[in-house]
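Understanding the architecture of this molecule
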Amino acid sequence: MEPNIILPDEPQKLSFEEFEVLHHNQLTHSGVPSILWRSLHYKLQNDVWDLGNFVAVNKVVLSDDSPEVAADATGAEEIAELSAPKVFWTGPDLKSDGVDNIFLVDHAWTFDIPSARKMLESFPNLLQRMCGLMEIPATETADQIKQVLTDMWKYIRTYSVSSDSLVRRIACHVALGPV
């Protein structure tokens, strides 16, 4: 069964006090220090996506004749690890008591496995964004969907959402977009 989510036309702005009451349990159970809550509230309310000011993501592409590949032709997992996107900290050093040391991460797509194909079929812009991120050439839509579903495992990260009020854990996957 797919979730039926209805979003309001305009996101509701919350005061910090309302935000704190609403998200206290979530933030506490997630281990977010309370010193960061006010900054998180501000960044969420004002769409401050500032991680890109502090990190860079580099894509390393290895060819079959790269020294790393030639050294161990049987290490497919090691080659995949070497080819994975690398994140580098480029900003100033973080202070342990910095009240702004929390960052929002813009990601391209959140999905669960059963709904991935339907989402790609239903949202042409999502399919085009995924093809762009994965460098999949323009072809027939069905072929693009098949290729995204085949290649997405190189790009996604997994997380789960749970709460005392949820009977089951929901596994979700995120396709990371450019930072």
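What you are looking at is a predicted structure, and each value in this text was computed from that prediction instead of being measured.

All right, on to the overall build of the protein chain then. Of the regular secondary structure elements, the protein chain holds seven helices and five strands. Secondary structure elements in the protein chain, listed N-terminal to C-terminal, are α-α-β-α-α-β-β-α-α-α-β-β. Looking at the protein chain as a whole, 28% of its 179 residues qualify as buried. For the protein chain, long-range pairs separated by at least 24 residues make up 55% of all intrachain contacts whose partners lie at least 6 apart in sequence. Taken as a whole, the protein chain presents about 13,100 Å² of accessible surface, with 56% of it coming from carbon and sulfur.

Applying the stated criterion to the full structure yields two aromatic pairs. Seen from their ring centres, Phe16 and Phe19 are 6.4 Å apart, and the 35 degrees between their planes marks the pair as tilted. Here Phe16 pairs with Phe19, and both are found in helix α1 (residues 16-29), just three residues apart, close to one helical turn. A relative accessible area of 11% places Phe16 in the buried class. Residue class for Phe19 comes out buried when judged on its relative accessible area of 4%. One cation-aromatic arrangement involves Arg38 over Phe16; the distance from NZ or CZ to the ring centre is 3.9 Å.

Further remarks concern the pattern of salt bridges. Side-chain pairs of opposite charge can arise where the charged atoms are in close proximity. Inspection of every chain in the model, using the stated rule, returns one salt bridge. Residue Asp50 is joined to Lys43 by a salt bridge in which the shortest nitrogen-to-oxygen separation is 2.8 Å. Judged by relative accessible area, Asp50 falls into the buried class, the value being 11%.

Residues Trp109, Leu120, Met130, Met134, Val148 and Met152 are the most contacted members of the largest nonpolar core, which totals 17 residues. Where this core is concerned, the elements lending two or more residues are β3 (107-111), α5 (116-122), α6 (124-134) and α7 (141-151). Looking at which element gives the most residues to this core, the answer is α6, with five residues. Of all hydrophobic cores here, the second largest spans 10 residues; its members include Phe16, Leu36, Trp37 and Ile102.

Here is what the cut-offs are and how they apply
Residues numbered from 1 in each chain as written. Predicted model: local features only at pLDDT ≥ 70, side-chain atom pairs only at ≥ 80, totals over all residues. Heavy atoms only, no water. Helix = DSSP H or I, 4+ residues; strand = E, 2+ residues; numbered from the N terminus. Buried < 20%, exposed > 50% of the residue type's maximum accessible area, 1.4 Å probe, protein only. Contact = heavy atoms within 4.5 Å. Areas by Shrake-Rupley, 256 points an atom, 1.4 Å probe, with all protein chains shown as cover. Phe/Tyr/Trp six-rings, centres within 6.5 Å; stacked < 30°, edge-to-face > 60°. Lys NZ or Arg CZ within 6 Å of the ring centre and 35° of its normal. Salt bridge = Lys/Arg side-chain N within 4 Å of Asp/Glu carboxyl O. Core = buried A, V, L, I, M, F, W, Y, C linked by side-chain atoms within 4.5 Å.

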